[in-house]
Each structure stands twice: as C-alpha cells, then as structure tokens.
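Residues per chain, in single letters:
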Amino acid sequence: MNFDTTTTERLAPNGTTRRRFLRTAASVGALAGVGGLAGAQSEPETFSFGGEVGGWIGRSPDSVADETNPPLRLEAGTTYVFEWENTDGQPHNVAFLDDDDNSIERSEIVSEQGATQSYEFTATEEMAAYICDVHPVSMRGEILFGDETATPENTNAEPYVPKGASVRLETVADGGLVAPLDFETPPGGSAMYIVDRFGQVYLRDSDGLRDEPFIDVSDRIVEITGEMGLLGMAFHPDYEENRKFYLRYSAPIREGTPEEFDHTEVLAEFTANDDGTSADPDSERTVMEIPSPYDTHNSGAIVFGPEDGYLYMGMGDGGGAHDTDLGHVSDWYEANEGGNGQNVSENLLGGIHRIDVDSQDGEKAYGIPDDNPLVEGAGLDEYYAWGLRNPWRMGFSGGDLYASDVGQNMFEEIDLIEKGTNYGWNVREGTHCFSPGPEGSRNPPESCPTHTPEDVRGGEPLVDPIIEYPHTHEGVGVGSASIGGYIYENDAIPALQGKYVFGDFRKTKETETPTGSLFAATPAEGDGLWELEDLQIENTENGYVGGYVLALGRDDDGELYVLTTDNTGGDETGRVRRILPPENEEATTTGNATTATGNATVATNGSSTASGTAGTGTSATATGTGAGTGTGATATGTAGTTGGTTAGSEGGSAGTGGSAGGTGNGSSEGTTEGSGPGFGVLAAAGAVAVGAARALLGRDD
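Here the structure is a predicted model, which is why all the values come from computation and not from measurement.

### Here's the deal with the confidence of the model for the chain
Now for step 1: Taken over all residues, the pLDDT of the chain has a mean of 80, while the share at 70 or more is 76%.
Now for step 2: Across residues 1–35, where pLDDT falls below 50, the model places 131 contacts with residues more than four positions away in sequence or in other chains.
Now for step 3: Under a pLDDT of 50 for its full length, residues 586–701 has, in the predicted model, 381 contacts with residues more than four places off or in other chains.

### Some remarks on the nonpolar core
Now for step 1: In terms of nonpolar packing, the biggest core is built from 54 residues, with Phe214 and Phe245 touching the most fellow members.
Now for step 2: When residues no more than four places from it in sequence are discounted, the contact partners of Phe214 are Tyr193, Val201, Tyr202, Leu203, Met233, Phe245, Ala272, Gly276, Thr277, Ser278 and Ala279.
Now for step 3: Core analysis: the second largest hydrophobic core is formed by 23 residues, Phe49, Trp56, Phe96 and Met127 among them.

### Quick look at the environment of Asp274
Now for step 1: In this fold, Asp274 is placed in the loop between strand S18 (263–271) and strand S19 (285–292).
Now for step 2: Along the backbone, Asp274 and Arg243 are 31 residues apart, and their C-alpha atoms lie at a distance of 7.1 Å.

### Describing the sheet that holds strand S1 (residues 45–52)
Now for step 1: If you walk across this open sheet you meet the 4 strands as S2-S1-S4-S7, and the pairing is mixed. Where the open sheet ends on each side, the last strands, each with one partner, are strand S2 (55–60) and strand S7 (116–122). Neighbour-to-neighbour, the strand axes of this sheet turn through a mean angle of 30°, independent of strand direction.
Now for step 2: Summarising the sheet, S1 and strand S4 (residues 79–86) pair through 7 bridges and their orientation is parallel. Pairing of Gly51 across the sheet is with Asn86, part of S4.

### Observations regarding the state of the cysteines
Now for step 1: In the structure shown here, the tally under the stated rule is 1 disulfide.
Now for step 2: One disulfide in the model links Cys433 with Cys448; its S-S distance is 2.2 Å. The sign of the S-S torsion, about -90°, decides the handedness of the disulfide formed by Cys433 and Cys448: left-handed. Of this pair, Cys433 sits in strand S29 (residues 432–433) while Cys448 sits in the loop between helix H2 (438–442) and strand S30 (467–470); the two residues are 15 residues apart in sequence, bridging distant segments of the chain. Accessibility classification places Cys433 together with Cys448 in one group, the buried group.

### Some points on the side chain of Asn390
Now for step 1: Tracing the sequence through the fold places Asn390 in the loop between strand S23 (383–386) and strand S24 (391–397).
Now for step 2: Assessed through its relative accessible area of 2%, Asn390 is described here as buried.
Now for step 3: Among the polar contacts made by the side chain of Asn390, one reaches the main-chain amide nitrogen of Ser299 at a distance of 2.9 Å.
Now for step 4: Dropping the residues within four chain positions of it, Asn390 is found in contact with Glu227, His297, Asn298, Ser299, Gly316, Ser404, Asp405 and Val406.

### A closer look at the pairing of S24
Side-chain positions along a regular strand alternate between the two faces of the sheet.
Now for step 1: Burial analysis of S24 places 7 of its 7 residues in the buried class, which makes it a mostly covered element.
Now for step 2: In this sheet, strand S25 (residues 400–405) lies alongside S24 in antiparallel orientation, the contact comprising 5 bridges. Residue pairing in the sheet places Gly395 in a bridge with Tyr402 of S25.
Now for step 3: Between S24 and S25, which follow one another and run antiparallel, lie 2 residues, and Gly398 among them has a positive phi close to 60°.

### Thoughts on the packing of aromatic side chains
Now for step 1: Evaluation of the coordinates by the stated rule reveals 32 aromatic pairs.
Now for step 2: Taking the centre distance of 5.1 Å and the plane angle of 80° together, the rings of Trp56 and Phe82 count as edge-to-face. Residue Trp56 is found in strand S2, and its partner Phe82 is found in strand S4; the two are separated by 26 residues along the sequence.
Now for step 3: Centre to centre, the rings of Tyr312 and Tyr384 are 5.1 Å apart; their planes meet at 85°, and the pair counts as edge-to-face.

### Some points on the side chain of Asp295
Now for step 1: Inspection of the secondary structure puts Asp295 in the loop between S19 and strand S20 (302–304).
Now for step 2: Within the local environment of Asp295, its side chain forms a polar contact with the side chain of Thr225, the two groups lying 2.4 Å apart.

What counts and what doesn't
Residues numbered from 1 in each chain as written. Predicted model: local features only at pLDDT ≥ 70, side-chain atom pairs only at ≥ 80, totals over all residues. Heavy atoms only, no water. pLDDT = per-residue confidence, 0-100. Contact = heavy atoms within 4.5 Å. Core = buried A, V, L, I, M, F, W, Y, C linked by side-chain atoms within 4.5 Å. Buried < 20%, exposed > 50% of the residue type's maximum accessible area, 1.4 Å probe, protein only. Helix = DSSP H or I, 4+ residues; strand = E, 2+ residues; numbered from the N terminus. Pairing = 2+ DSSP bridges. Axes fitted to C-alpha atoms, helices over the stretch in contact; angles between N-to-C directions. Disulfide = S-S within 2.5 Å. Polar contact = N/O pair within 3.5 Å; in protein donor to acceptor, adjacent residues only side chain to side chain. Phe/Tyr/Trp six-rings, centres within 6.5 Å; stacked < 30°, edge-to-face > 60°.

Here you go:
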C-alpha cells in the first residue's frame, strides 16, 4: 500500500516539522564511498530520476523526462550514471537485473527524503531491467540495446480479475480530511466518526463534518514517516453507558522499548462526553504498549468481537528490509532468516491479539481471555492468531473475522481469522512459498513446509488465505495492497449480497488519476480460494474508485463506505464515499414494500432535493434511506399506480431545517455541497503531499 510522488513537510500545531527519517546503514545526502558510485569517469551520460514507491519518475535527458519507469536505451561497454532523488522518504535503491530477474549489481538503500544517489555503472548486454529492490513491481523499467523495442503492454490479456457488478460512489465527507484510515459508528448511534492519520477523529452527523475534531491526539504521536500515525478506533460495546472508546497510535519511544527501535505502538482508552460530541485527551488510559523496530508494518486495526466483547488488535511483523533486520527474531524455519510471524514467544509482532479491556491480569492494564490459544504456555498469552505480515484492516461479518494481510512483492491476501491459526508468514506468502531478500522474494522456492514441525505447537498447519491475487498478471497491474472490508448484508445492491467487498490501494501501473479499486469475492463451496470480481465504478472517469483506497467502513444499516485520498499536489483530499447501486437499477426497499424503481437522488449535506417513485404492487412503500440527510434537504415521493398505498413515508433522517420524504432505496445519484470545512485551527501549515500519503502503507521489505 503505497502512495504518491513528492512529500511536503507537514507541520504540527506548534510549527515543528512532522517528519523523521528511517534509520539505515546507507549514508544520507549525496552518497560517497560505495562501490559503483559516480566519480570513476569524467562526465558519463547521466539519467536523472525522482525515486518514489509509485515508480521512477524521469527528469532528464528528454528521452526519459516526465515518464514513469521509462526504458533506458544503452550501449554495451559504455559507462553511465543513474542519478536519483528520494522523493517520498521510503527505502529505495537501484538494481540492474538480467532476463531471469537475477541481480547483476545494485546500490545501497537510501531512506531519507531528499537524499540523492549517483550510481555509476557500465552497461552489459545481460542487463534487462532496472528496479528498486524494495519495490520491484512498481519501480521497474526496461533496458534496451541496439534496435530492441520496448515490450508493448499486453492489452489483449485476459484480466486476472474479471469485471463484475457496477456500483456508484457518493461523497458523504470531505473538505478537510487528509488520509482517513478508519470509520466507526458507535453502538446505538448513527453518527460517523472518521479517523485521520495525523491524530484527529472527526464527527460527521446530520449537519456534516464538524470543524473541530471529536478528539485530537496529534501531540502524542511520533513524527510521522512510513505507516505511523493514528491508525485505528473502536467503541466499547457498552459505549452508551460508559462512553469509552479506544485508539491505536504510534508514539515516540516509551520505557521498555529498545533505544535502537523506531517507536512504540500504543493502544489507549479514552472517555467521551455525555452526548458523544467530544472527548478529553487527558482521559487517556494506556492499555498496551508494543515496541516497534521500524516505521512500517504497524497494522493498526482494532475491533471488538460482537459475541465475546473482547478487543482484537492487529500487529505487523515489525517491518525492515527483507524481514531479516533489527527486531526480527529466529524461528523454527531455518531456511528463512528472521520470522516474527512464526515465533510467538519473544514478541507480539506478526499476529492478531485478543484482550479483555474490562479486567487486569497482574501488572497488565488488561486481562487475558481464558480461552486464548497460547494461555497454557505455548507462547505469549495475548496471541489469537499469528503468521501474518501486516494485517492492515479487519472486521467482523456474521460473527467471522476477516483481515487483509498486505503482501511483499508478489501477492495480496485476505484471511478468515480463526483462533489458534497460523497463516504462514514468512514461510509462505499467500498460497506460495517465500524467501526473503531481493532475489528470493522475486524468485520464491518451489517447495516449502505446509506445517510446523511436530515439536512446534504440535505440527500446526500453515493455513492458506481465502482470497489471493497477484500484483501483476501477464504484464497488467492487478493491485498493490489489499484493504480489508466486509460481507455485504444490505438489500440496496442485490448483486453484492453475501459477497465479501474489499479494496486495493491502487493498480501497479500508474495513470493520471489514482487507480484504487473495489473487489467483491464470492465464498467458495468448501475449501479453496473465493471467486473474485472487479467492481466497476459507474460514476468515475476510468471505472476505478478515483482515489487511493485506504480503508472500508460500515454503518449500522450495513451500508459500506470507501475511504480514499487523492493527494494530487498535497492538499487535504481525503474523502469518505458511500457505495451505492448503479443508476436506474431496481432494488428492494427497506420498508413494507416489494420493489421501488430507483430513479432517485439522495440529498446529502446541502440544499438539495431527493425524489423517488414507489414501485407497483400491493402496499408498496418507498423508504427514504439516506434521503434528506443534509441541512435543508427535502424529499418527495410518488405512489405507484397499482395498489400503492403510501409514498414518502418513513423518510430518512432529515437534516436541520429539512423534511424527510421517501425515495427508492436502490438507485440513487449522490450529490454533495459543502460537507464541512475540515481541520479548522488544526490545519496548521502544509498538508500531506503525494509522497507522504504513499508512505502511509509503504512496503519496506
């Protein structure tokens, strides 16, 4: 999950820089003293690039300028300089590969934003591609000699994920959000609480997105790089009575975190006021602190179990290049160095944990459920499941817990999380074998274990995901980072009923507009991978979401929302958009009705009008779900001609000064006018630019 181009420094409210650099062995600034670096020959031809997760952005000469991953035309035996600037603060290097994707030579990794590297090399005919070892799919270009021509895009290839149902998107919150990462509705309430990465939670009610945050914890968050920030939120099951909710955020190093580590991941409890409109940051009670060696693979999702009332929390494997560096411990699989996902005894990295926030176990600020799978001494008691790389977003549907686990170089996966289950990382990546390191991760071994040894928790199986897809298929981008979602259980979009709807951050091929995607997966009968379809967004220019997908949300009615950012120049481009049925589709109503034709317009957050036509049939009632939710919105309905008894009854909740009426609950065209000015005084100076957004879910493997 990686964002877009150059990074503008974000300033905290006190004016201090909101940026910190990864620790790496590489020197910063203009590197020197490394084999292959410029200086051995006077004035060789130089290719200049900006280096970022989305690709190598050509600067000069004209043959590469303004192109992403342009082919380099070289002459064998000639010396060149590959000069590049790190524009997003993520770890990058340049490596040259042969036709079999074996490295011929490579530079050191540079992680500081603004650092430049000049790597001198002599072209050989074996060279076939130049890449970044850390991001080899998105940062990859061809090398050509003589009359060779660039490989054309395979436009005739069958898509890996076939086109599926059409949906539309309606913006319900924007105008101030930067990178919305979570979306929650409290028990017994209808308001939306939107988590923004830089430390604020915003309340959206019938009046739109409020100017002032519900809570602001930006002063306790570490200076943000990589995937750090305010990452997750969950309301206590008894929130209506106790007003407690929980935040997951990245804090500076706390007591107990090794000095050489990057930061501390924190789970904290807060208390809201009686009407749920604000919360006092000073009400914080720290629940958990987990040392994190790097600024990536932090996960961040937290959710309460609907049946047991316990809190579930994801933790990534710690990050670091190739999963072998600082903070990675040894495990049972000797073929792969490092394995936090397989070692459940030395740290809490690489799994999902389940705790009781309403009790305490000894000196811990939380309790351990008696039936947690490792309570009897096989590992740390907090573990519920393990063998995960970076479980980014997760949620319950129908009592089952689903989590997206972001892959490394080749595959993305969705897992059905079950107690005591090992999902295989880093022995396996999805259903495939895995080997760390620049070469191994691109060329995985053909065979690997499918179980742990008998002396490791009894020979437990390494469980395959329920959903898997590659980053590319026949040269065409499929996706780059899976974003977990939910089983669709609302009646508004029949084509999605019973399917798991989730997202992907973006395609691995860059376009002028962001290529975030929505997928739907049909549960398989028995074992095996679920069948995928690529949802078509009817009201966007290219059929994609029209933004980089960060998360999915669900309200109390089972409607789904997609959280995105555009980051086209560093503005506050975060949005929350409701997923709606396609225009003119018939859909089942939510009232005492048979069907209602959906030529309806839903008015949201503005002076708009919603109207709908009830379907024909006995006692047809058109209900106004979503209608009249904005200030001054009105809605009207017209009864059908055959037995239609009511129309416009039971309208959606009216905004201030508005009146509720009925609309068809299926087809609707969303319009938004002024849904809130956003940060207010917290806007500070500057905003997240494209590179910072990419860094949020950056892959530093």
